[in-house]
Number of protein chains: 2
Amino acid sequence: MQAELLIHAQWVLPVDPEDRQLDDHAVAIADGRIRALMPSQEARRSIQAQRVIELPGHLLIPGLVNAHTHAAMTLMRGLADDLPLMTWLHQHIWPTEKRWIDPSFVGDGTRLAVLEMLRGGVTCYNDMYFYPEVTAQVTAEAGMRGVIGMIVVDFPTGYADTADDYIAKGLALHDRYREHPLIRVAFAPHSPYAVSDAPFERIRVLADELEVPIHVHLHETHDEVVQSLRDHGERPLGRLDRLGLVGPALVSIHMTQLEDPEIERLAQAGAHVVHCPESNLKLASGFCPVAKLLDAGVNVGLGTDGAASNNDLNLLGEMRTAALLGKGVAGSAAVVPAAAALRMATINGARALGLEGEIGSLEPGKSADLVALDLGDSHTQPIYHPVSQLVYAAGRHQVRQVWVQGQHVIRDGVSTRLDPTEVIASARTWGERIGAADG
Amino acid sequence: MQAELLIHAQWVLPVDPEDRQLDDHAVAIADGRIRALMPSQEARRSIQAQRVIELPGHLLIPGLVNAHTHAAMTLMRGLADDLPLMTWLHQHIWPTEKRWIDPSFVGDGTRLAVLEMLRGGVTCYNDMYFYPEVTAQVTAEAGMRGVIGMIVVDFPTGYADTADDYIAKGLALHDRYREHPLIRVAFAPHSPYAVSDAPFERIRVLADELEVPIHVHLHETHDEVVQSLRDHGERPLGRLDRLGLVGPALVSIHMTQLEDPEIERLAQAGAHVVHCPESNLKLASGFCPVAKLLDAGVNVGLGTDGAASNNDLNLLGEMRTAALLGKGVAGSAAVVPAAAALRMATINGARALGLEGEIGSLEPGKSADLVALDLGDSHTQPIYHPVSQLVYAAGRHQVRQVWVQGQHVIRDGVSTRLDPTEVIASARTWGERIGAADG
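Residues numbered from 1 in each chain as written. Chains lettered and ligands numbered in written order. Predicted model: local features only at pLDDT ≥ 70, side-chain atom pairs only at ≥ 80, totals over all residues. Heavy atoms only, no water.

### Looking at the packing of aromatic side chains
For the coordinates displayed, the defined rule picks out eleven aromatic pairs over all chains. Where Y131 of chain A meets Y159 of chain A, the ring centres are 5.2 Å apart and the plane angle is 65°; that geometry is what we call edge-to-face. With Y131 of chain A in the loop between β6 (122-127) and α4 (132-141) and Y159 of chain A in the loop between β7 (145-152) and α5 (163-176), this residue pair connects regions lying 28 residues apart in the sequence. Assigned by exposure class, Y131 of chain A and Y159 of chain A land together as buried. Aromatic pair F287 of chain A and F287 of chain B: ring centres 6.1 Å apart, planes at 35°, arrangement tilted. Residue F287 of chain A is found in the loop between α10 (277-282) and α11 (290-295), and its partner F287 of chain B is found in the loop between α10 (277-282) and α11 (290-295); the two belong to separate chains. Three or more aromatic residues link up through ring pairs in this structure, and these residues are W100, F105 and W430 of chain A. (Phe/Tyr/Trp six-rings, centres within 6.5 Å; stacked < 30°, edge-to-face > 60°. Helix = DSSP H or I, 4+ residues; strand = E, 2+ residues; numbered from the N terminus. Buried < 20%, exposed > 50% of the residue type's maximum accessible area, 1.4 Å probe, protein only.)

### With respect to the sheet that holds strand β15 (residues 407-411) of chain A
Residues and elements named next belong to chain A. One open sheet accounts for eight strands, arranged β3-β2-β1-β4-β13-β14-β15-β16; its pairing is mixed. Because the sheet does not close on itself, it has two edges, and the strands there are β3 (33-39) and β16 (414-415). One ladder, built from four bridges, connects strand β13 (residues 370-374) with strand β14 (residues 399-404); its direction is antiparallel. Paired with A372 across the bridge in β14 is Q401. (Pairing = 2+ DSSP bridges.)

### Description of the side chain of E318 of chain A
Tracing the sequence through the fold places E318 of chain A in helix α12 (residues 315-330). Put simply, E318 of chain A is tucked away with no salt bridge, and the nearest opposite charge, on R320 of chain B, sits 5.6 Å away. In terms of polar contacts, E318 of chain A uses its side chain to reach the backbone amide nitrogen of E278 of chain A, at 2.9 Å. When neighbours within four sequence positions are excluded, E318 of chain A is seen to be in contact with C276, P277, E278, S279, L302, G303, T304 and N310 of chain A. (Lys, Arg positive; Asp, Glu negative; His and termini not counted. Salt bridge = Lys/Arg side-chain N within 4 Å of Asp/Glu carboxyl O. Polar contact = N/O pair within 3.5 Å; in protein donor to acceptor, adjacent residues only side chain to side chain. Contact = heavy atoms within 4.5 Å.)

### Details of the domain arrangement of chain A
Residue and element names in this part refer to chain A. Splitting chain A by domain gives domain 1 (2-62 + 370-404) and domain 2 (64-352). Here the C-alpha centroids of domain 1 and domain 2 sit 30 Å apart. Contact with domain 1, which involves 22 residues of that partner, is made by 28 residues of domain 2. In total, about 1,800 Å² of surface goes out of reach between domain 1 and domain 2, with carbon and sulfur atoms giving 67% of it. Taken as a group, Y392, R396 and V404 account for 40% of the area that domain 1 buries against domain 2, more than any other trio of residues on that side. (Domains from an automatic or database assignment. Buried area = accessible area lost by both parts, 1.4 Å probe.)

### Quick word on the sheet that holds strand β2 (residues 22-30) of chain B
Residue and element names in this part refer to chain B. Strands sit in the order β3-β2-β1-β4-β13-β14-β15-β16 across an open sheet of eight strands; the sheet is mixed. If you trace the sheet from one side to the other, it starts and ends with β3 (33-39) and β16 (414-415), each paired once. Bridge count between strand β4 (residues 48-62) and strand β13 (residues 370-374): five bridges; the pairing is antiparallel. For H58, the partnering residue across the bridge sits in β13 and is D374.

See below:
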């Protein structure tokens, strides 16, 4: 067999249905796709590759999928921490957004986010923010994969005026990227409290037509549920269900407030949940019942949320937090095992975004989105089970190589597409401006 | 003023009572002690230093204090994860300990732990394990500071036979290190369920006499409390109180099961709590009410626990988990702010160990135990508040320089005392042996 690239690794976790661990295996890549996954010894005999990369002591995994972000908010990282939720929003985040957000802010913030994510092994992310056309462009230029949200809220911002205006701008973006190899466009109505019934209904019809996911914050806090009961006489999930949105296209973010029949409903509808454990902790939003959701057969992906409430876009760390917190919340050390956390951060995220045929596991035919981590560091030794070291002990600085569609976007820990000096300098400039105006 | 070493940093967090942030400051060091902390501009004029180190873009903090470890258990890192507690203990950890633990295991495991901790900015740790004389020796050789536990249990092991035998061996260790500049020795009765009344009473008398802390697992799980009620007719804390152990010498580890009057009792007695959030989550032990303890005035330090239940000795990460989880458990985003988490990981740990006059903050007269982190990485940009970046966004790979008593033990991220190649090779050999025998 011919291949453009042949990567040998000491361990491979393909995230296949059996959660197999393959020792001394190789991945053959051509035209941006995985052509074969086989023992290294066999690959050396049977594959003629233009380039061969040897990774002893490394673990090869599918690229991580960060299933909920507001990428540009990296520019507000650490601006206002440890505050009550309403003080944080009303006195810091919203005034900052109102004053500063424009295409240039979104471009520079997204570039900082994309650099951070690629270096940490995230190859695909699902974003919701203003000026999504800028987000899409920066992501494509960086050689990263993105599902860019057609954001919709009822109220006007610098980006759009009415719900219909947001939708129109979103649809134009969707048209522009219809055939793009890296960029997908999804609906992203912000939340039940920021979007009224009519736009939700329009979004449902359009999402059916375009076959795109609907990315929405849902049941993030107890207050959200109380407010919905007061304003609509029903819980937010019930309201979305009445409006026809609870189905396989629904990508519901957070879900810290769930009653057992709601979990059943999500499972039966084939709706997806994206768990953001660190954001939920930091904002004291509540605890998502991850083990219960997984037990019920609900597909649960993993997201970092924006850097203003995390404060990083470290999906490797988020996997660890999800595995640890899942056990604490369920009261059982056996739930959310390392392999399940890795599935959440890869194939489950891909499935939520409708991309499970393309990414999320290392299987012949899928896109060559791969990450290699060096486990040789003292804090990941000795190695009994690579998946344990990956989830419970590794740091993202151990991510050494990243490929997206076979393109080497991180080489030896360094971005091949973005100039970190420039990206950081621009973040600093924004930081100085925003910091001087805040508080 | 004369100094041997003058360190200029862009930001200094001295962890003083006002939680000040000092920009462009310098620390002057002589004879292993901090002589002055002043603006860099002033230091350049007034201090004659033999060596000057410039750290632009770096944050200087006190060395971190890991207030609860079983260092040698690094050799069991990831051996058996995601199992119910009793399966984990009875089928993996205890059989492995029974078969393998000897001075050579403890030496090699401790060396791996010390390397990991120093590289991650931990300059002092509080350990409980068998063969503590080996732990003490390895720690001293590495130039690290340790409070080494005189472990006591009722049952025989390869290390000792009876509670009195453990105590006798511990006292010999205490004598040997009485004048050592880096090593302190404390009592470490394992737990209320592993130690009966008579040895606890002897320990209380001896600890008073020697003026050393008493390091004990306490109220780690609900089962522990239930068992104590059944066997002793009282909760473990009540039992220790009856035996006279609840006072300023008590360093109680975990404390996930606490009723309000017990919190009051701890505060009134001046007893210390060491919070180990990641271990508590991973073993599903319960949630320590950190915000309530801090509010009540209880001194709360921070520990990683052993690598078999964490699985790393990353106190920087533990700070982040403590700050996040503390908010989630309290239901308030404003509690356990970044500065409080940093205090837990430094001065509070020092206070619990009776070392607050020596370490835990950067103040003239204290030992020069310091850590410099490079915040220039993209994921810690922009910088509004260095303490936020430190606690919520930084990774331990950003620790670049570490000094203990003025000795440069980590230079540019590399240990000056331990050979990582040797330490890792020996960990691998143990891993192969132990892995082949496990399960």
